[in-house]
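Per-entry structural report
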Amino acid sequence: MTDFPNTLSTWATFLYELQGKVWEVFPSEAPFLAEMSGYDAQAGKPDHHSTVRRITSEMDGNRDEFSGKSVRHTLILQGLPGGGYVQENSTWNQPQVLPTAQINLNLVRALVPFSVTVDVARDSFDNSSAGAVTTLVQQARTALCRQENRDLLGDGTGLIASITDSATSLTTTVATTSNFDLLLPGTVWDILTRSSGADPGQGLRRKIASVVESTGVITWSTANQAADGGTGNIVHASTEGIYVPGSWSNGTLAQAPGALVVQGLEQAAAVTGTFETLDKAANPQWQGTDGRGGDTSSAALSAQMLDGAVRRGRRAAIGTWDFGIGDPACIDLFKQGLYNQLRYDPQVMTLKSGFSGVIYDGADKPFPLIKEPAHKKGGIKLVDKASFVMYGDKPGPSFLEDDGAMFRRFSRSLAKEADLLDRFQLGVVKCNTLVFVNNLLSAS
């Protein structure tokens, strides 16, 4: 019997109570994740009756879709063909097969750990201690939400930026078009060889000390950030990249894009490569729609450009989209261009998830353009939510408790760790409804 019966295990019930709150508000801080989860800002939790929401194994009671970590997913390549006209006494057309394909997707594992010491237990009835545990849970929830949202907008590889210089130093250089809303001082990344995922030399778990956005120079902290991290100078060359820690996914099988890191919009929007087992080049209807029709010149987003994107998007048999999402600087420049118009009255629309944006009204019905710092720079995408499905084995992330407790100790020390884990995946039903507009100029 310990002299301190109020050990950290007593906090398990506290965390159980917090977990329900985590499920309710988990997707609320990031627009794409919130919309795909069916989050309702007014209710403060996901609307489980929404037509677009996270599909879980609990909902699928007959196990038609879920089998362990595998999810049965159906692709629709194009609309139902074979329609026509008939005469009064003629024989009508033979029915044709709806072009579909069935595949299995594996759920990926997104995890954020945090640790506390046993001293927390000794002060377990102190308000500051309770606040500390609550803060850790909230911070883990926020970190996991933003991590998932960032990668849902990505290309499934975990790559954040490609390095462009060669040296053994504490500084690396990336393109000035890289996303510096992600490459922030204090954030931690892996520096890995893009072709193999190998550590080129002290590249693991490195923290950014400072960034010069105008030149693309990133300076890294000398000290390691974890026991599995590197320290001192980093060996790097133009063959390396900056990756989500532990998440290089540019290989084959289990480490193919979308297999370790969640599938993302960049994969769906691509016009080449294999996605969800289908070769986009061999299946043009499985490609994203280029809203600019192949024009790669740099230009500001405009109503005329969006009009053209909508016209091209209509070829996928839809006339409106739920929202546009993209680089905030590109959307700002679009909005600023409207200020010069006579009697322009800025109009905004708010999504059910609570995120607002300036309205574009050139489609069958108006929809907002949502600013998203994690989106690829210089571009936006028009999103039809019904073309995507969010899968998960639970309504949201949960604490690992397979060994009987939420807190676990890995050695004979006072520190214990809690791990917030989410198993989920984004399934894409249609690719051609996703309209992308790239090479956009940005507001200063």
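The coordinates are above.
Below, the structure is looked at part by part. Worth saying up front: this structure is predicted, and the values here are computed from it rather than measured.

**What to know about the pattern of salt bridges**
For the coordinates displayed, the defined rule picks out 16 salt bridges. A salt bridge links arginine 141 to glutamate 29, with the nearest nitrogen and oxygen atoms 3.1 Å apart. Here arginine 141 is found in helix α4 (residues 127-152), whereas its partner glutamate 29 is found in the loop between α1 (11-25) and α2 (31-36), with 112 residues between them in sequence. The exposure class assigned to glutamate 29 is partly exposed, which follows from its relative accessible area of 25%. A salt bridge links lysine 377 to aspartate 327; the shortest N-O distance between them is 3.5 Å.

**Re the sheet that holds strand β5 (residues 70-76)**
If you trace the three strands from one edge of the open sheet to the other, you get β4-β5-β6, paired in antiparallel fashion. The outermost strands of the open sheet, each flanked by one partner alone, are β4 (66-67) and β6 (100-106).

**Focus: the sheet that holds strand β22 (residues 367-371)**
As summarised here, the arrangement of the seven strands in space is β18-β27-β23-β19-β22-β21-β20, forming an open sheet in which the pairing is mixed. In this open sheet, the two strands that pair with only one neighbour each are β18 (289-290) and β20 (348-350). As defined by bridge partners, strand β23 (residues 380-383) adjoins strand β27 (residues 435-437) across three bridges and the pair is classed as antiparallel. Along β27, the bridge assignment pairs isoleucine 380 with valine 437. Sitting on the sheet, helix α7 (residues 328-338) touches β19 (323-326), β21 (356-360), β22 and β23, and the angle it makes with β22 is about 130°.

The rules behind each value
Residues numbered from 1 in each chain as written. Predicted model: local features only at pLDDT ≥ 70, side-chain atom pairs only at ≥ 80, totals over all residues. Heavy atoms only, no water. Salt bridge = Lys/Arg side-chain N within 4 Å of Asp/Glu carboxyl O. Helix = DSSP H or I, 4+ residues; strand = E, 2+ residues; numbered from the N terminus. Buried < 20%, exposed > 50% of the residue type's maximum accessible area, 1.4 Å probe, protein only. Pairing = 2+ DSSP bridges. Contact = heavy atoms within 4.5 Å. Axes fitted to C-alpha atoms, helices over the stretch in contact; angles between N-to-C directions.

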